[in-house]
Every structure is written in C-alpha cells, then in structure tokens.
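Below are the chains, spelled out letter by letter.
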Amino acid sequence: MSKGRTIPLSYLKPTYDVCLVGHETKLDIYRSVPPGATSFEVRGSSLLNVTVVYNPKRIERRPKENVWPLNKEARVVVSPVLPSKELHDRKVKVSYYGSKGTDPLGSAMLYLTNIDVALNVDVNRTGVVSRGAKDKDTWTWGQNGKGAILLVNCDQDKDTSSADNEAGGIPNLADLKDMSLMTLTADGPDELFDDMKLILNVSAGDADKLKVYQNIGRSKYSHVLGEGKLSYTVSRGNLDEIIFNVEGLKFPDVDFSGLVYINLTVQNYLEKMEIFSESVVFRMAPWIMTPSTLKPLEVYVCSVPDNKEFVKELTALVEKARCKLTICPEIYNAKDRWIQDEMEFGYTEAPHKRLPVVFDSPRNRGLAGFPHRSVLGPDFGYVTREPENEKEVNTLDAFGNLEVSPPVTVNGKSYPFGRILYGSGLPKENVRMNKVIRDFLEAQQLQAPVELYSYWLTVGHVDEFMSFVPAPDQKGFRLLLASPKACLELFREKQKAEYGDAAMFKGVRDKKITIDDVLADDSLMQYAKTTQEYVDLNRDIMKKELGLSEEDIIDIPLLYNKTKFGADSFFPNVVNMLVLDKLLVIPKPFGPIINGECCLEKIVRSLLEPLGLKCNFIDDYWTYHRNFGEVHCGTNVVRKPFSKKWWEIAP
C-alpha cells in the first residue's frame, strides 16, 4: 500500500473508494464532523477488519461498546479479507454522538470495493511463487532470510552464437526454465479495473540487469520490461493472475550490488490518483568457485602433437576416478595446452535451478575461443571479464593463478564456500591480477578473496607452490605447500645414508645429476633459501586468512631453479597435481633412485596416502614440465557444487 494513504469521510454524503486485500487503509473520520459531536462508533460489513487504534494511557474507553472519544489520537484502520464480487459491496458506517443522548448526530458512509493486487515472487526461496508474503522489497541473508533470487541466464538454450543473456530475442521453453517466476494478482470486479492502470517499471540503473517477459498465451511470450524498457502498462483483460518470467542478465560486479527492483503502481486514471504501489526485489545469484576437494564430474585436457602418451595415461586414471573426460582437439586449441590457465569452472544457483558456469580468463592465447565455443551450451553458462585495453593483461590474469580453499572458519567467522586465492607481485612490486577480475571476484561476496604473492615464479601462478587435497577428519582437507627446505632435508638424509650418488632424471635426461651434485650447487642452495622465504610468506598469510594451524599443512619436497624470469621447478612440480577425489594425478618427479624406487615419490606417498589418498605419478616431463607447467596447468575439472545453499549463509 502506498505509504500514508488515507480515505477522508463525510457525514454530508457517502464516500466511494477502493481498498486492497491484506493492506491497511486509514480512515479520516475527523475532516467532516457533525456540530456538537464528541464521540463516534464505527462498524463494518463482513470480510472487513475494522480496527480502532488508540493509546489507553491517553484515551479512556467509554462504557458503551464500540463508542470512542472523538480524539485525533484514536485512529480507524480498515483491512479487507477477500476481494469484492461486485462494485461497492462492502461498507463502513461511522456514527457520531453528542455528549448527551444516544441518538447519532450524523453518520458517514463509506462504500468499498475490495481488490487483491500484488506482485508475487519467490520470497521464501522454495522454488515457487510466495503468495501473500510481506516485505517483498527487502532482501536478507541466512537460513531465515527472505527475498527472491534471479539466475543470470548465461547458458545457451537458444539457437544463437551467444549466451542467452546476450543473445536477445524471445525465449524458448528451455530458456524459460532458467528464469524466475513473477505473478501479478489483480482480483476484483472487472468493471473496476476498466478504470485503472496497472503499471510495472524498473529504474534506468536496473534496466540493463534484467528482462521481464509476459506469457501472452499458447506458449508465446512478449518482452515487456527491462533492457531498454523502463515501464509497462499491463493489460489485465479478465485475468485474475498474470504470469511473468524474469531473466537475470548480469552478475554482481564493482558497479552492481546484485539487487534489482521491479515496481508496481495501481492508478485510477480517471481521477489521476495512485491507489497502491509496491516493489519486489531480486538478488542476482553469484558465481561460485569449486575447490579441488569437491567431487570431480568432468576432466578437460588438450590434445597437442607431443602429449599423446600423457593423454593416454590420463584417460586411464580419469576412468578409474569414474569421471567424464573431454579432450580439446588441436583444431580448437592451436597448440595451446594450458587449459587450466584459460578458464575456471564454477556454478550459479537459484532455488529453482542450478547452472555450471565457466569463467573465461582474458589471457586469449590459442584456447581463447574454446570456453565460449565448446563449453557454453544448454545448461552450461559462460562469463568473462576483460580489461578495456588488452595490453593490460599479464600472466597473473591466467587462471592457474586462481584457486579457492575448501570451507574454513577464521576467528569464529565461517566461510562455508571457502576463500578465493590469487597471486600478485611481492610487496615492493607494483603488479597484480587485473582489477576487472579482482572486482568481479570480490563482488560475488561469498568467497572473500585473499591476495598471495606468486610473481616470484617464472609463470607467476599460485598453483606452482600450493594445492589442497581432501582429508578424512573434521578439518576435511590439507594444504600442500612446496618446500625447498623439506627437499634439502630429504637429500641430506639420503646423502648421510651414503646414497649421495643416487641419480635424478633417469630416462629423461642424459646428463647424470646426483644428490651430491645438487647439494654441492651453491647457487641452487642459496636459491632454495630464498624461495622457501617466499613460500613461507604465503604460508603465514594462509594460516591467518584461512584459520590454519601447522597440523593442517603438509610440506611437499620441491626445489626451484633461478631463471631470468623467476623461479622454475628444478624437477617436475609434484604440488601441481590433479585432485580427483581420493585419486591424485601427480607429476612424476624423476627423483633420485634408491633401492629401485624414486625417493621423492616414496616420501610423497608417505605424506599423503595415510589420508586415504592414492598417489598416481604420471610422466609430464617433456610435454608440460619443460614448457614451464605441470599436470594441474594442463588439465581442468568441473566439480559437483556445494550442497549448502549460498543464500542460507551471511557473507
């Protein structure tokens, strides 16, 4: 109901007006009062709630029932229960009395027509429209929160080359399933609505964030509001309920809070008077990243001229993990093997629908068209963020530099969807992931990003020194960190045990490199100290920002070479692994062979297999490692979404 709407009454002539079911309307009984009147009595017909609101400390109720002092602190409020069947079929009578006598000095008659007009949306988040809900213009988080949700319609159900939210045109039946229902109730005598306008409108700021379609019968829909259309006068006809489908067009971002409003105004256009207005609010569902500890559903890898054996081995392991494998052929990847860098998988969800969504990075190398051309499709969404100037894109904007932790609790605050992690330059370096990506990630609100330091690496990505694996305890995971210190401790232990002549890189390099050779390399030893400091800098950040203890972290032996571009793995980076539930696909490190076994593989198994994990080492030496990447860099995974609903938490 429009705020402060009041119907003035007169004892000199009857008043005719309209009231809305479920809403209170004030009656002004003081504007026209018979001379000498000191009290009043009010009565209403059936299906009308008529209430006198007063302060008992200031107004003494008269002994006679329903007779009240004529004091402006006593207010009369009327609220209809059901809509009228005919015009003016409900009435309210106010009788005025003097200080003496029982006969009224006069009476004011109000003839009402009750109508039921409302915008209805899924306020209760059950997947269906909520009828009779209150506070539809307020959105709150949490299990007891209220407010409707819009899904960004970013998949491709229509026969176009674009995602549905960019394609335009009228939706098909599959497309409609991605949208949220909204209904307009307009129940009451048809002849009354002949004199009324039902107007929907959105602000200019919200118009590019949503579109509204009206069902015009026989599975036909008309675009009536949003995306350039700010106002729409609804043609009610003889319908008591009109159905609309609301489409989300944009994810939250730095300039968009995620909230959009649709407003309804009911006007009596003959008298040019607003009878009623209300608003409903939707929150655009955010994009959510999935951590490596969630169940894998589909693995992606590129086929390039030199990785046929790698793909063959990977295929067997993916089948063992009971996942689907999708191979991007050479015709689509232009010999770009780094599919982890090109895209990040996540999802978006509303009560009525869940949609996997690929986030396309702005790196735009050989795989640039793959996410849009080959991943986007029916029930698989697409989003991207690119700077206006493509020259602003650097290695930090590739998505090997984008990870997310499992759920964590930090100083009593819960992050049930984990926290996003990305790398930047060291504190004195002025280089960061591009602002358009950082702003987008921050605007989703649920996975509060944490900035790490990764630019000291040759490629500069966080997945070169960290990963997460599942664990069977209450914590649910372990953080794996590359550890030059742990590697040197292992090698010194083996040297002390007289295995200093044990050779590395057997079968992949002709030059013999032994444990003794490694430990005698002063530059390698000094750089191990430097890179350990860089890892520990990130270690301290993650302990603080993810609420981790040392018991939650496993140090994985690794050494880095110093190059003119930064740190590069001395041997295949075992931290840069593919996590498929309990099955781990790990780069074969080609470490020192002792008693017929790689001592690096052995220690990795001893650290991870007690967690119930199965270590599978795969040869990526020439296909990935020598090209400055590893297994994780060359693969990507669609994972099962979180079971928890994002709207049930408070960010």
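Please read all numbers here as calculations on a predicted model, not as lab measurements. (Residues numbered from 1 in each chain as written. Predicted model: local features only at pLDDT ≥ 70, side-chain atom pairs only at ≥ 80, totals over all residues. Heavy atoms only, no water.)

*Asks:* Please give an account of empty space enclosed by the protein that cites residues and values.
*Replies:* Applying the stated criterion to the full structure yields three cavities of 30 Å³ or more. The computed volume of the largest cavity comes to approximately 270 Å³. Lining the largest cavity are 22 residues, and of these Ser292, Gln340, Glu403, His632 and Arg639 sit closest to its centre. Elements with a minimum of two residues in the lining of the largest cavity: strand E22 (343–350), strand E25 (402–404), strand E30 (466–470), strand E37 (578–580) and strand E42 (635–639). Of the residues in the lining of the largest cavity, the class split is eleven nonpolar, seven polar and four charged. Estimated volume of the second largest cavity: approximately 70 Å³. As for the second largest cavity, its lining consists of Glu464, Asp568, Ser569, Asn573, Asn576, His625, Phe628, Gly629, Glu630 and Cys633. A class-by-class count of the residues in the lining of the second largest cavity yields two nonpolar, five polar and three charged. (1 Å grid on protein atoms, 1.4 Å probe; cavity = no way out; pocket = protein on both sides within 12 Å on 5 of 7 lines; lining within 4 Å. Points joined across faces, edges and corners; volume = space filled by probe spheres on them. Helix = DSSP H or I, 4+ residues; strand = E, 2+ residues; numbered from the N terminus. Nonpolar A, V, L, I, M, F, W, Y, C, P; charged D, E, K, R; others polar.)

*Asks:* An account of a nonpolar patch on the surface is needed here, citing residue identities and associated values.
*Replies:* Residues Leu47, Val81 and Leu82 make up a contiguous nonpolar surface patch of about 220 Å² in total accessible area. Secondary-structure assignment places leucine 47 in the loop between strand E4 (37–44) and strand E5 (48–53). (Patch = residues over 30% accessible without salt bridge, like charges linked within 9 Å, V, L, I, M, F, W, Y side chains within 5 Å. Areas by Shrake-Rupley, 256 points an atom, 1.4 Å probe, with all protein chains shown as cover. Salt bridge = Lys/Arg side-chain N within 4 Å of Asp/Glu carboxyl O.)

*Asks:* Explain the layout of surface pockets to me, using residue names and the numbers behind them.
*Replies:* Gaps left between atoms show up when a probe the size of a water molecule is rolled over them. The computed volume of the second largest pocket comes to approximately 390 Å³. The wall of the second largest pocket is formed by 19 residues, among which Leu249, Lys250, Phe251, Asp253 and Arg385 lie closest to the centre. Counting residues per element, the ones that place at least two in the lining of the second largest pocket are helix H1 (164–167) and strand E24 (381–384). Sort the elements by how many residues they give to the lining of the second largest pocket and E24 lands first, with three residues.

Honestly, it's all geometry; don't read function into it.
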